[in-house]
Amino acid sequence: MDQTTLVVLSLLAALMAYTTAVLVRWAAGARTASYAAAVLFLFAMMAAMFAGALVYYLHPGPVTLAEGFWFAAILMSAFVFPLIYVLTREVRLRGTTGSAPPETAFNTALYAAGAIGLVLANEFLMGWVFSLAAGLTIPLNQGAIPFLEAVVVSPWFIFTMGGEMLLSAYFLRERIRPGIRIILAFQGVLMILSPPALAAPAWATFAVYAGSAVMIGLVIYLLEFVARTPEFPPGFATYTLLLAGIYSLMMAGLYLWVGYGWLPLFALVLILEMVLFFDALLQSDRFSAGPPWVWSRSPRWVFGLLAAVFVTEVFMGALLDLQAGGPSAWLATVPAGPLVGSPAMVAGHVLANGFWWLATVTASTWFLVMMGFEMGALVYFKIRETRHRELRLRLWILVGVFASTTVLIPGFWSKIPGVPDLATIPFLGWTMGIGSGGALTSTVILAVLSTYLLVAGLCFLFGRRALCSVLCGMAPLMFQGTLMDRMKSFNRSSSVGHKYLGSRFSAAFSITGAVALSAALGVTIVSYLNTVGALNVTIVGADPTVFLYNLNFGVVWYLLFVTVPFVGTYNCVTLGWCPWGMVGQAVSNRRVGLFRLKVKDREVCKACTTLDCAKACPIGLVDMPGHFRTRGEFRSSKCCGVGDCIESCPYDNIYIHDVRHWLRARLGRPAPRPEPPFARGPQLPMVNSRPAAELAPLGK
Ligand code: SF4
Ligand code: SF4
């Protein structure tokens, strides 16, 4: 295609985008049947124009030029009839009733569907015509899928559509709530950043990275928006869920394209995304109409959102892995059994391949980088609303620990020349216990033991929070952001979470804990016997400790994360399934360990009627106030020292006691001075946000 053609087509595409956006604005303002019909008529005229042009471009020549002209003219004439019918009907109605027809006296859903259908038809015809004019090949005899794919994933369709989306959202900005406006803008930008839009590899690379960055921004914005908006109209809830679902499919489509060159899913998702976008614009009243809907009372909606976001993350992580490592090189790193043999064998390999694919992606550096940005941003938002300096500091440290021990060291250590094998280094190679550094060979046993001793020592001195609120990396980051804070109520309301409430070991907790510990012990023994040659046992083709580690932290961990609405938050702790957490639990409990929560004045707790500390606990330790009242302190092996109780206590009555206080007492020095109440920042909005002055005075 020569430069002049490119410039002319680009200008025409820009004009088309502008015109369509203006028509969409008019379409959104339609309040009478005649107005709506006029807008649809204008859309149809555009479609007729492109249909005529198509007749010519399919077989360019003087005859088809004339045929195209007449075809367009006939279509345009035909479209006049429905318009005339609606206009005369309205005039008749006015004559009968003597007044103007009531606003929206037409089926708005049907009208929106018609307008969206015509926008899509225009876009499709334009993409087809412009592709032919630009000299691109549109296959007509290879079936529907290659044809649709060639038109929809063409630059003329994608870039024009992206421009239309952005312009339409801009023109209609006054009608849309600011938060939704931003989400719509994200949609437009993501449409433009479609990697397959141009054949140039440089564009694909740029669009994969830039699109992923924008997607990360959208996920952060969306999750924080939900966290900050306890209730919204049902229309917004549906839109959000559909949006998250569409983007999970989009990422899957891009993964299939980059990994296997398969494009149809992505092409289909582009259409779905465009339909959702224009539907949101044309029916934006849904975002402000209807009774307020409290999302935290709908576990299924929350599950749908978390699951869709997680699927998006997984495929985006895999996409980045493919792009950064090269498709064939990265795919070769995923263990994959051949799909041959008996049906049972094939089914087994399908399951095993799926398991290793998911575990490989969730352990990959790019996936963790992405999760780090998203979940880290939510933790950052929490830091901003946290009043106590000590708690803010711990939140900063956990972000730093995640970045270093979960991303930087596993991802980049091996690239430093001359460094020892990570698996032989205490803690760094074993941050999540057995299996995280590889098989338990005799050469690494010292590193493993040192890791356990180090963690046990820290938990003894500072409580389980040293592990489960800082060093663990993943759980503190994922469970301590603003969104998970708003989901604590599921610990009490969900049927599973309810069984694990309180500091006592329920029967359910004892069973899960026993299974987790015996599994860890069993694989450790088998792995060691393997290395000394006494056994030769593998599980799904891997060393037993490596398999268990991948099962626990590459698969089950995320399944439990998305099922928070049904099992409660921080469920690695509450359910007792993490063997690593059990180590911290063993040395920080009712009898052992220096960590505990103390209250400054137990009489304050006796008079308190809020029980805000118990409500704020992400672990569901609801018996906390009772201990404060009777003993003035609370010790529990489940307590991770997150400190939300400290933040939420309206009387600022709780503080953490650990080795620092113990040492000072031994040295005869005064205990550290507690921070003054309400020193900085607002209270957490999800719990009691009344200022101290408004609370009932407490008698002493
Ligand atoms: S229980 Fe396990 S996964 Fe959960 S925070 Fe503690 S160490 Fe991490
Ligand atoms: S909210 Fe504060 S005052 Fe009330 S029981 Fe809990 S620690 Fe005591």
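What counts and how
Residues numbered from 1 in each chain as written. Chains lettered and ligands numbered in written order. Predicted model: local features only at pLDDT ≥ 70, side-chain atom pairs only at ≥ 80, totals over all residues. Heavy atoms only, no water. Helix = DSSP H or I, 4+ residues; strand = E, 2+ residues; numbered from the N terminus. Buried < 20%, exposed > 50% of the residue type's maximum accessible area, 1.4 Å probe, protein only. Contact = heavy atoms within 4.5 Å. Near = heavy atom within 4 Å. Nonpolar A, V, L, I, M, F, W, Y, C, P; charged D, E, K, R; others polar. Expected span 1.5 Å × (residues − 1). Core = buried A, V, L, I, M, F, W, Y, C linked by side-chain atoms within 4.5 Å. Phe/Tyr/Trp six-rings, centres within 6.5 Å; stacked < 30°, edge-to-face > 60°. Lys NZ or Arg CZ within 6 Å of the ring centre and 35° of its normal.

A. Focus on the overall build of the protein chain. Helix and strand counts for the protein chain come out as 31 helices and 5 strands. C-alpha atoms of the protein chain, sized along the principal axes, occupy 100 × 70 × 45 Å. Looking at the protein chain as a whole, 53% of its 700 residues are labelled buried. Partitioning the contacts of the protein chain with sequence separation of at least 6, the portion at a separation of at least 24 is 77%.

B. Spatial organisation of the site of ligand 1. Residues in contact with ligand 1, as listed here, are Arg464, Leu467, Cys468, Cys472, Ala475, Phe553, Trp557, Cys572, Val573, Cys578, Trp580 and Gly581. Contributing elements (two or more residues each) for the shell around ligand 1: helix 17 (465-471), helix 23 (544-562), helix 25 (571-574) and helix 26 (579-586). Looking at side-chain class alone, the shell around ligand 1 contains 10 nonpolar, 1 polar and 1 charged residues.

C. Seen up close, helix 7 (residues 178-192). Across its 15 residues, helix 7 extends 22 Å between first and last C-alpha, which sits within 8% of the 21 Å expected from 1.5 Å per residue. Where helix 7 is buried, its residues touch helix 6 (155-171), helix 8 (201-228), helix 9 (234-260) and helix 10 (264-282).

D. The nonpolar core, seen in detail. Phe278, Trp357, Trp557 and Leu597 are the most contacted members of the largest nonpolar core, which has 198 residues in total. If you tally residues by element for this core, the top one is helix 8, at 15 residues. For tryptophan 557, the contacting residues outside a window of four places in its chain are Met474, Ala475, Met478, Phe479, Leu551, Asn552, Cys572 and Trp577. Within the second largest apolar cluster, 6 residues are counted, among which are Ala423, Leu440, Ala447 and Val448.

E. Quick look at the packing of aromatic side chains. Enumeration over the complete set of coordinates arrives at 45 aromatic pairs. Here the aromatic rings of tyrosine 170 and phenylalanine 171 are separated by 6.1 Å at their centres, their planes lie at 55°, and the arrangement is tilted. With relative accessibility at 47%, the residue tyrosine 170 sits in the partly exposed group. Given a relative accessible area of 17%, phenylalanine 171 falls into the buried group. An aromatic cluster is defined as three or more aromatic residues linked by ring pairs; in this entry it consists of Phe186, Tyr221, Phe225, Phe232, Phe236, Tyr239, Phe287, Trp293, Trp295 and Trp301. The lysine or arginine in question, arginine 25, covers the ring of phenylalanine 171, its NZ or CZ lying 4.9 Å from the ring centre. We note lysine 638 situated over the ring of phenylalanine 509; from NZ or CZ to the ring centre the distance is 4.6 Å.

F. Focus on the site of ligand 2. Every residue lining ligand 2 is accounted for by Val604, Cys605, Cys608, Thr610, Asp612, Cys613, Pro625, Phe628, Cys649, Pro650, Tyr651 and Ile654. Residue assignment for the shell around ligand 2 shows that the elements contributing at least two residues are helix 27 (602-607), helix 28 (612-616) and helix 29 (624-631). Tallied by class, the residues present in the shell around ligand 2 amount to 10 nonpolar, 1 polar and 1 charged.

G. View of the environment of glycine 463. Residue placement: glycine 463 occurs in the loop between helix 16 (445-462) and helix 17. Sequence spacing of glycine 463 and leucine 575 is 112 residues, and the spatial spacing of their C-alpha atoms is 19 Å. Apart from residues lying up to four places away in sequence, glycine 463 is in contact with Leu458, Ser588 and Phe595.

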